[in-house]
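Chain by chain, the residues:
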Amino acid sequence: RIDDVVTNRFLGFPIFILAMYALFYLTFTLASYPVELIETGVDLLGRFLSHHLPPGLVRELLVDGVVSGVGGVLVFLPNILFLFLGISLFEDTGYLARAAFIMDRVMHFLGPHGKSFIPMVMGFGCNVPAIMATRTLENPKDRIITILINPLMSCSARLPIYVLFAGAFFAHHEGTVIFSLYLIGVVLAILIARLFKSLFFKGESAPLVMELPPYHLPTAKAVFSTTWHRTFLFVKKAGTVIFAAVIVIWMLAHLPPGVAYASRDTLMGKIGSFVAPVLKPAGFGYWQVAVALIFGILAKEIVVGTLGTLYGGENGSLASAISQHFTPLSAYAFMVMSLVYIPCIATIGVIRRETNSWKWTALAVGYSLFLGWFLAVLIYQGGRLLGLG
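Keep in mind the model is a prediction, meaning the values are calculated, not measured. (Residues numbered from 1 in each chain as written. Predicted model: local features only at pLDDT ≥ 70, side-chain atom pairs only at ≥ 80, totals over all residues. Heavy atoms only, no water.)

Re the overall build of the protein
What counts here: Strands are runs of DSSP state E lasting at least 2 residues, helices are runs of H or I lasting at least 4, and numbering of each runs from the N terminus. Radius of gyration here uses only the C-alpha atoms, and the compact-globule reference equals 2.2 Å multiplied by the residue count raised to the power 0.38. Contact criterion: two residues are considered in contact whenever any of their non-hydrogen atoms come within 4.5 Å of each other. Areas reported here follow the Shrake-Rupley algorithm with a probe of radius 1.4 Å; residue values treat only the protein chains shown as occluding. In this tally Asp and Glu are treated as negative and Lys and Arg as positive; neither His nor the chain ends contributes. A charge is said to be at NZ when it belongs to Lys, at CZ for Arg, at CG for Asp and at CD for Glu.
Of regular secondary structure, the protein possesses 18 helices and zero strands. Computed over the C-alpha atoms, the radius of gyration of the protein is 21 Å, within 12% of the 21 Å expected from 2.2 N^0.38 for a compact globule of 389 residues. Projected onto the principal axes, the alpha-carbon positions of the protein cover approximately 65 × 45 × 45 Å. Taking all contacts inside the protein whose residues are at least 6 apart in sequence as the whole, residues at least 24 apart take part in 74%. Surface summary for the protein: the accessible area is close to 17800 Å², and the carbon and sulfur share equals 70%. Charge separation in the protein, taken as the distance between the mean sites of 26 positive and 19 negative side-chain charges, equals 9 Å.

Concerning the nonpolar core
Generally speaking, a soluble globular protein has its nonpolar side chains buried in company with each other. Rule in force here: Within this scheme, the nonpolar core is defined by two criteria: the residues are buried Ala, Val, Leu, Ile, Met, Phe, Trp, Tyr or Cys, and they are joined through side-chain atoms within 4.5 Å. Note on exposure labels: buried denotes an accessible area under 20% of the residue type's maximum, exposed denotes more than 50%, and partly exposed covers the range between, all computed with a 1.4 Å probe on protein chains only.
Of all hydrophobic cores here, the largest spans 113 residues; its most connected members are Tyr-162, Phe-165, Phe-284, Phe-326 and Phe-334. In terms of residue count, helix 10 (residues 174-200) provides more of this core than any other element does, twelve residues in total. The contacts of Phe-334, once residues within four sequence positions are left out, are Ile-161, Phe-165, Phe-284, Val-289, Leu-293, Val-303 and Phe-326.

A closer look at the environment of Leu-298
Secondary-structure assignment places Leu-298 in the loop between helix 13 (287-295) and helix 14 (301-311). Distance from Leu-298 to Gly-387, taken between C-alpha atoms, is 36 Å for residues 89 residues apart in sequence. Setting aside chain neighbours within four positions, we find Leu-298 in contact with Ala-245, Cys-344 and Ile-345.

Remarks on the side chain of Glu-354
Basically, it comes down to this: Polar contact is defined as a pair of N or O atoms within 3.5 Å, subject to the rule that within protein one atom must be able to donate a hydrogen and the other to accept it, and that residues adjacent in sequence are counted only when both atoms are side-chain atoms.
Turning to its location among the elements, Glu-354 is positioned in helix 17 (residues 345-355). Taking relative accessible area as the criterion, Glu-354 reaches 10% and is therefore assigned buried. A distance of 2.4 Å separates a polar atom in the side chain of Glu-354 from a polar atom in the side chain of Arg-143. Among all residues touching Glu-354, those that are not within four sequence positions of it are Ile-131, Met-132, Arg-135, Arg-143 and Ile-147.

With respect to the pattern of salt bridges
Keep this limit in mind: For this analysis, a salt bridge means a side-chain nitrogen from Lys or Arg found within 4 Å of a carboxyl oxygen belonging to Asp or Glu.
Enumeration according to the criterion identifies five salt bridges in this entry. Across the pair Glu-354 and Arg-135 runs a salt bridge whose closest N-O atoms are separated by 2.7 Å. Of this pair, Glu-354 sits in helix 17 while Arg-135 sits in the loop between helix 7 (127-132) and helix 8 (140-149); the two residues are 219 residues apart in sequence, bridging distant segments of the chain. Put simply, Lys-237 and Glu-301 hold a salt bridge, and the shortest N to O gap is 3.4 Å. Here Glu-301 lies in helix 14 and Lys-237 lies in helix 11 (residues 220-252), a separation of 64 residues in the sequence.

Overview of the packing of helix 4 (residues 77-93) against helix 11
Helix-helix packing is described using two parameters, namely the angle between the two axes and the distance between the axes. Spelled out, the test is: Angles here are taken between N-to-C directions and fall from 0 to 180 degrees, while the axes themselves are lines fitted to C-alpha atoms, restricted in helices to the stretch in contact. Crossing handedness follows the turn of the near helix against the far one: under a right angle anticlockwise gives a left-handed crossing, and clockwise gives a right-handed one. Residues are grouped as follows: nonpolar covers Ala, Val, Leu, Ile, Met, Phe, Trp, Tyr, Cys and Pro; charged covers Asp, Glu, Lys and Arg; every other residue, Gly included, is treated as polar.
At a minimum axis distance of 9 Å, the contact between helix 4 and helix 11 shows a crossing angle of 145 degrees. In this structure, the crossing between helix 4 and helix 11 has a hand that is right-handed. Packed against helix 4, whose contacting residues are Leu-77, Ile-80, Leu-81, Phe-84, Leu-85, Ile-87, Ser-88, Leu-89, Glu-91 and Asp-92, the element helix 11 presents Ala-222, Val-223, Phe-224, Thr-226, Thr-227, Arg-230, Thr-231, Phe-234 and Val-235 at the interface. In the contact of helix 4 with helix 11, the residues fall into twelve nonpolar, four polar and three charged.

Quick look at the packing of helix 9 (residues 159-169) against helix 14
Applied cut-off: Roughly parallel means an angle under 35 degrees; roughly antiparallel, over 145; roughly perpendicular, 65 to 115; everything else is oblique.
The geometry of helix 9 relative to helix 14 is characterised by a closest axis approach of 7 Å and an angle of 50 degrees between their N-to-C directions. By the criterion of interaxial angle, the relationship of helix 9 to helix 14 is oblique. For the pair formed by helix 9 and helix 14, the contact residues are Pro-160, Ile-161, Leu-164 and Phe-165 on the first element and Glu-301, Val-303, Val-304 and Leu-307 on the second. Here the residues of the contact of helix 9 with helix 14 are counted per class, giving seven nonpolar, no polar and one charged.

Re a nonpolar patch on the surface
This is how the line gets drawn: For patch detection, residues must exceed 30% relative accessible area and be free of salt bridges, and they are connected within 9 Å for like charges or within 5 Å for nonpolar side chains (Val, Leu, Ile, Met, Phe, Trp, Tyr).
On the surface, a cluster of nonpolar side chains totalling about 310 Å² of accessible area is made up of Val-5, Phe-10 and Leu-11. Here Val-5 is to be found in helix 1 (residues 2-6). According to the relative accessible area criterion, Val-5 is partly exposed, its value standing at 39%.

Focus: the environment of Met-120
Note on placement: Met-120 falls in helix 6 (residues 117-122). For Met-120, a relative accessible area of 0% corresponds to the buried category. Along the chain, Met-120 and Ser-154 lie 34 residues apart, while their C-alpha atoms are 9.4 Å from each other.

Observations regarding the environment of Thr-309
Within the secondary structure, Thr-309 is located in helix 14. On the basis of relative accessibility, which here comes to 2%, the residue Thr-309 falls in the buried class. Placed 59 residues apart in sequence, Thr-309 and Trp-250 show a C-alpha to C-alpha distance of 6.7 Å. Discounting chain neighbours no more than four positions away, the residues touching Thr-309 are Asp-64, Gly-65, Ser-68, Gly-69, Val-246, Ile-249, Trp-250 and Tyr-261. Engagement of the side chain of Thr-309 in a polar contact is seen with the backbone oxygen of Gly-305, the distance being 2.8 Å.

A word on the packing of aromatic side chains
Rules: Aromatic pairing here means that ring centres of Phe, Tyr or Trp (its six-membered ring) are within 6.5 Å. Orientation follows from the plane angle: under 30 degrees is stacked, over 60 is edge-to-face, and everything else is tilted. Note on geometry: a ring has a charge over it if NZ (lysine) or CZ (arginine) is within 6 Å of the ring centre and within 35 degrees of the ring normal.
One pass over the full model with this rule turns up 21 aromatic pairs. Ring geometry for Tyr-162 versus Tyr-182: centroids 6.0 Å apart, planes at 80 degrees, classification edge-to-face. Of this pair, Tyr-162 sits in helix 9 while Tyr-182 sits in helix 10, placing them 20 residues apart in sequence. In this structure, Tyr-162 and Tyr-182 share a single accessibility class: buried. Note on Phe-196 and Tyr-367: the rings are 5.2 Å apart at their centroids and 90 degrees apart in plane angle, and the pair reads as edge-to-face. Placement of Phe-196 in helix 10 and of Tyr-367 in helix 18 (residues 358-385) is noted, with a sequence separation of 171 residues between them. Side by side, Phe-196 and Tyr-367 carry an identical accessibility label, which is buried. Each residue in the set Phe-165, Phe-169, Phe-284, Tyr-286, Phe-326 and Phe-334 is aromatic and connected to the rest through ring pairs, giving one cluster. When the ring centre of Tyr-341 is taken as origin, the NZ or CZ atom of Lys-300, which lies over that ring, is 4.9 Å away. Positioned above the aromatic ring of Trp-360, the side-chain terminus of Lys-359 is 4.4 Å from the ring centre.

In structure tokens, the structure reads:
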């Protein structure tokens, strides 16, 4: 009786869209309170270290580097946790498999296989295991297409970027803005799949044949175990990869000796200044932003960590600092750029391994970089023509 409604050819798709919107809306709404608590704690820790440590490089490293950089990422841990919790509930109830069934008609017509939708939804958590999950696709052509489009799914690493900018520029509409970004990723993935299929993989895909699992109430143990495991991996990354990257960024923002910290004359400033002109048409042609996007290739959370390291000392908080350099229009363009441009290093590695081809790997990197820049410029310049910025 439930399937008569949720898999109905007319009702199934609107119900699925509403379910996903509710997931992202609740993720932001419920997480806002613990986010404020963690943000206050990070701020207090920074103040405590500033007042109790003697002036010098150690204090600057801890306050400007570790607390502003890593702390700026960990602030959004509740958002990650609630998103993983929602996806785990969808998986454990059996609804996720039905989402693939619902999407099959649309996706099969436009390009990707209906079964591709399960790895795509998994990509909301992390693109690496999602790409590995494409092994369930029997047709090699469908599998390669799904691998190439999977990085367009907004993994949890991008969520701190969205939450930071949506909270700073779109107060009271954060959930809608963040949902729109996830929706843009899905639409782009389907359109790119259609393009790649017509260019590289002409022919019919195999029909979707899958057994829908029975409905059952999710067990607390299974849901919380899955949620905890995925959240722990995020915290582990913050304590290792992001921590190391923030220290490197902090060092480059201090060199060569004698220049002002995080100034254009530092090595970091020179790297960013070289790339920044390319980003100017998109509305965020600042060297700090260029550096954040460059280091974001290592892991997307590092975008926030880098901005925290370079902007964290301005105006008391990172949100207030970026409000001095972005407008709502350029902020949205930046979020779309962060959504699309270049998969992270781990994702690039798994694309190479799963396709066993540098050709497909180079295509995944190249098309996403150009598409991300093009969409950011299109949004910003189009918005300006419409008088939005």
